[in-house]
Amino acid sequence: MQCITDKEVDEWLRARDLPKGLFYDGASARFHLRFYTPAGHRRVDAFVRHYLEQVVPPSELLIHVTDWSLYEQSEMIAIAGIRSNAGEIRGLVEAPGHVLSSAEKELGVAIFSLAVSFEWSSYLYSSESRSILFNWEGDVFDFWSDSEASVRTMKELLDCFELAELGRDGANE
């Protein structure tokens, strides 16, 4: 794992032709799904693992933590421990991006699942499938992809976890 700055996040995304924030820069993907996050850390962890195993192909990933304003010290200790294990001494404020190889899938599951459980906003970008999973402070996930096959698989995953799709206005579809 390599931790990177916001500027380096922008460069990583630009090099892979991925938009930084689909709600903020006017970019859009062909397909979009919105749904509630699974309830409880273990279900979130399982969902993220299945997402990385079934929806996106093995590829380099970027997890960008974008908001952790209401954090507890214990939460930051957990994330700092994961980061320091990879040799990172900077905090999230200095380097909020986490680039992971396909072999580091479990590390990606840990970081993204903790961000969801801690109610921090974060993006999970897949360079190979051009798919993005956005965590709205642990409440709602948004999923974007240009791949119809990825969307079909994501819908199967939603069924498996009994997660209903939400409309753009937040109502169940």
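Look above for the structure.
Below: a short report on this structure. (Residues numbered from 1 in each chain as written. Predicted model: local features only at pLDDT ≥ 70, side-chain atom pairs only at ≥ 80, totals over all residues. Heavy atoms only, no water.)

This part covers the packing of aromatic side chains. Describing an aromatic ring pair means giving the distance of the ring centres and the angle of the ring planes. Considering all chains together, one arrives at 10 aromatic pairs under this definition. Pairing Y51 with F143 gives two aromatic rings, centres 6.0 Å apart and planes at 85°, and the pair type is edge-to-face. Here Y51 is found in helix α2 (residues 41-55), whereas its partner F143 is found in strand β7 (residues 140-145), with 92 residues between them in sequence. Residues Y51 and F143 agree in their burial class; the two are buried. Connected via pairs of aromatic rings, a cluster forms that spans F35, F47, F112, F141 and F161. (Phe/Tyr/Trp six-rings, centres within 6.5 Å; stacked < 30°, edge-to-face > 60°. Helix = DSSP H or I, 4+ residues; strand = E, 2+ residues; numbered from the N terminus. Buried < 20%, exposed > 50% of the residue type's maximum accessible area, 1.4 Å probe, protein only.)

Moving on, we come to the sheet that holds β7. The strands making up a sheet associate through backbone hydrogen bonding, with each pair oriented either parallel or antiparallel. Read across the open sheet, the 8 strands follow the order β1-β4-β3-β5-β6-β7-β2-β8; overall the sheet is antiparallel. Two strands in the sheet have a free side with no partner beyond their single neighbour: β1 (2-4) and β8 (165-166). Against the sheet, helix α1 (residues 6-15) engages β1, β3 (61-67), β4 (97-100) and β5 (121-126), with an angle of about 140° to β3. Contacts from α2 reach β2 (31-36), β3, β5, β6 (131-136) and β7, with the element oriented near 170° to β6. (Pairing = 2+ DSSP bridges. Contact = heavy atoms within 4.5 Å. Axes fitted to C-alpha atoms, helices over the stretch in contact; angles between N-to-C directions.)

On to the pairing of β6, then. β6 sits mainly inside the fold: 5 of its 6 residues count as buried. Pairing analysis gives 6 bridges linking β6 to β7, with the strands arranged antiparallel. Within β7, the position partnered with W136 by the bridge is V140. The turn joining β6 and β7, which pair antiparallel and follow one another in sequence, is formed by 3 residues; a positive phi near 50° is taken by E137.

We now examine the pattern of salt bridges. Tallying each qualifying case throughout the model produces 9 salt bridges. The closest approach of N and O atoms between R34 and D142, which form a salt bridge, is 2.9 Å. Taken together, the residues span a long stretch of sequence, with R34 in strand β2 and D142 in strand β7 at a distance of 108 residues. By the burial criterion, R34 is buried, and D142 matches it. Ionic pairing is found between E165 and K155, a salt bridge with its closest N-O pair at 3.8 Å. Taken together, the residues span a long stretch of sequence, with E165 in strand β8 and K155 in helix α5 (residues 148-160) at a distance of 10 residues. Taking the relative accessible area as the measure of exposure, K155 reaches 37% and is therefore partly exposed. One network of salt bridges, in which partners are shared, links D45, R49 and E106. (Salt bridge = Lys/Arg side-chain N within 4 Å of Asp/Glu carboxyl O.)

The next thing to look at is α2. Taking 1.5 Å as the rise per residue, α2 with 15 residues should run 21 Å; its terminal C-alpha atoms sit 20 Å apart, in good agreement. When α2 is considered as a whole, its buried residues turn out to be V44, D45, F47, V48, Y51, L52 and V55. Each buried residue of α2 sits inside an arc of 165° when the element is viewed along its axis, so together they form one side. (Expected span 1.5 Å × (residues − 1). Arc of directions from axis to C-beta.)

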